[in-house]
Amino acid sequence: VVFKALTTTEVDDMYARIRARSKANESALAEGRDRVTRSDRELLDEVLAGFGDDIREEDGTPMAFPPANLDRVCSTWGIEQAIAKSFFDHYINAPTKN
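Report follows, based on the coordinates.

1. Looking at the packing of aromatic side chains
Then, in step 1: Tallied over the entire structure, the rule returns three aromatic pairs.
Then, in step 2: Taken together, a centroid distance of 5.3 Å and an interplanar angle of 75° make the contact between Phe87 and Phe88 edge-to-face.
Then, in step 3: When its relative accessible area of 0% is taken as the criterion, Phe87 is described as buried.

2. Some remarks on the packing of helix 2 (residues 40-47) against helix 3 (residues 67-74)
Then, in step 1: Two numbers describe how helix 2 lies on helix 3: the axes approach to 12 Å, and their chain directions differ by 140°. Put simply, helix 2 runs oblique to helix 3. As helix 2 packs across helix 3, the resulting crossing turns out to be right-handed. Here helix 2 contributes Arg41, Leu44 and Asp45 to the contact with helix 3, which in turn contributes Pro67, Leu70, Asp71 and Cys74.
Then, in step 2: Its residues assigned to classes, the contact of helix 2 with helix 3 comprises four nonpolar, no polar and three charged.

3. Some words on helix 1 (residues 8-30)
Quick reminder: α-helices carry 3.6 residues per turn. Residues three or four places apart thus point the same way.
Then, in step 1: In a regular helix each residue adds 1.5 Å, so 23 residues correspond to 33 Å; helix 1 covers 33 Å between its end C-alpha atoms and thus fits that length.
Then, in step 2: Taken residue by residue, helix 1 has Val11, Met14, Asn25 and Ala28 as its buried positions.
Then, in step 3: Looking one or two residues beyond helix 1, the residue adopting positive phi is Gly32, at roughly 75°.

4. Section: the environment of Arg41
Then, in step 1: Structurally, Arg41 is set in helix 2.
Then, in step 2: Excluding its chain neighbours within four sequence positions, the residues that come into contact with Arg41 are Pro67, Leu70, Asp71, Cys74 and Glu80.

5. Observations regarding the pattern of salt bridges
A side chain of one charge can pair with a side chain of the opposite charge when the charged atoms of the two come close.
Then, in step 1: Counted by the stated rule, this structure contains seven salt bridges.
Then, in step 2: A salt bridge links Glu46 to Arg17, with the nearest nitrogen and oxygen atoms 2.4 Å apart. Taken together, the residues span a long stretch of sequence, with Glu46 in helix 2 and Arg17 in helix 1 at a distance of 29 residues.
Then, in step 3: Each of the salt bridges in this network shares a partner with another, and the network as a whole consists of Arg41, Asp45 and Asp71.

6. Overview of the nonpolar core
Note that soluble globular proteins tend to have their nonpolar side chains buried in a common cluster.
Then, in step 1: Among the nonpolar cores identified, the biggest contains nine residues, and these are Leu44, Leu48, Phe51, Ile55, Met63, Leu70, Val73, Cys74 and Ile83.
Then, in step 2: With three residues, helix 3 is the single largest residue contributor to this core.
Then, in step 3: Beyond its immediate chain neighbours, meaning those up to four positions away, Met63 contacts Phe51, Ile55, Arg56, Glu57, Asn69, Arg72 and Val73.
Then, in step 4: In terms of nonpolar packing, the next biggest core, distinct from the first, is built from seven residues, Met14, Leu43, Ala84 and Phe87 among them.

Basis of the calculations
- Sequence order as written defines residue numbering, which begins from 1 separately in each chain.
- For a predicted model such as this one, the threshold for reporting local features is a pLDDT of at least 70, and the threshold for listing and counting side-chain atom pairs is 80 or more; totals across whole chains, interfaces and linings nevertheless cover every residue.
- In computing side-chain values, all of the structure's heavy atoms are included and hydrogens and water are not.
- Aromatic contacts are taken between Phe, Tyr and Trp rings whose centres are within 6.5 Å, Trp giving its six-membered ring; a plane angle under 30 degrees counts as stacked, one over 60 as edge-to-face, and the others as tilted.
- Per-residue accessibility, obtained with a 1.4 Å probe over protein chains only, is compared with the maximum for each type, and a residue is labelled buried under 20%, exposed over 50%, and partly exposed between these values.
- Simply put, an axis is a line fit to the C-alpha atoms, just over the touching stretch for a helix, and the angle between two N-to-C directions goes from 0 to 180 degrees.
- Secondary structure elements are defined from DSSP: runs of H or I of at least 4 residues count as helices, runs of E of at least 2 residues count as strands, and each element is numbered from the N terminus.
- When an angle is under 35 degrees it counts as roughly parallel; over 145 it counts as roughly antiparallel; between 65 and 115 it counts as roughly perpendicular; any other value is oblique.
- What makes a crossing left-handed is the near helix being turned counterclockwise from the far one by less than a right angle; a clockwise turn instead makes it right-handed.
- For this analysis, residues touch if any pair of their heavy atoms sits within 4.5 Å.
- Residues are sorted three ways: Asp, Glu, Lys and Arg are charged, Ala, Val, Leu, Ile, Met, Phe, Trp, Tyr, Cys and Pro are nonpolar, and all the rest, Gly among them, are polar.
- Multiply 1.5 Å by the residue count of a helix minus one, and that product is the helix's expected span.
- What makes a salt bridge here is a side-chain nitrogen of Lys or Arg within 4 Å of a carboxyl oxygen of Asp or Glu, nothing more.
- In plain words, nonpolar cores are sets of buried Ala, Val, Leu, Ile, Met, Phe, Trp, Tyr and Cys residues tied together by side-chain atoms within 4.5 Å.

The following block contains the structure:
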């Protein structure tokens with residue numbers, strides 16, 4: 001997949017939202033309430049810019065990137081989570097490893 005080129009401010013805002021949601025989840029669990037969740041798909045809608053050439057249709061042509069095709073790709077078990085993990089592993093965490 002191809003990720004959007006996010007600005008430092010956009011990444012900082014995303015991390016702030018993730019931290020706030022995490023704190024809200026901790027509070028909710030401590031109080032016996034349901035967790036406040038954010039789906040991996042919501043993250044993908046925010047950070048994906050397209051598919052790479054390696055995501056192809058059954059006939060071998062590169063897959064276009066309309067929402068319906070993202071739905072098709074994400075309907076395969078584990079793909080949403082794998083793409084979200086890839087985003088954090090390569091986009092967010094990579095600069096801190098250097």
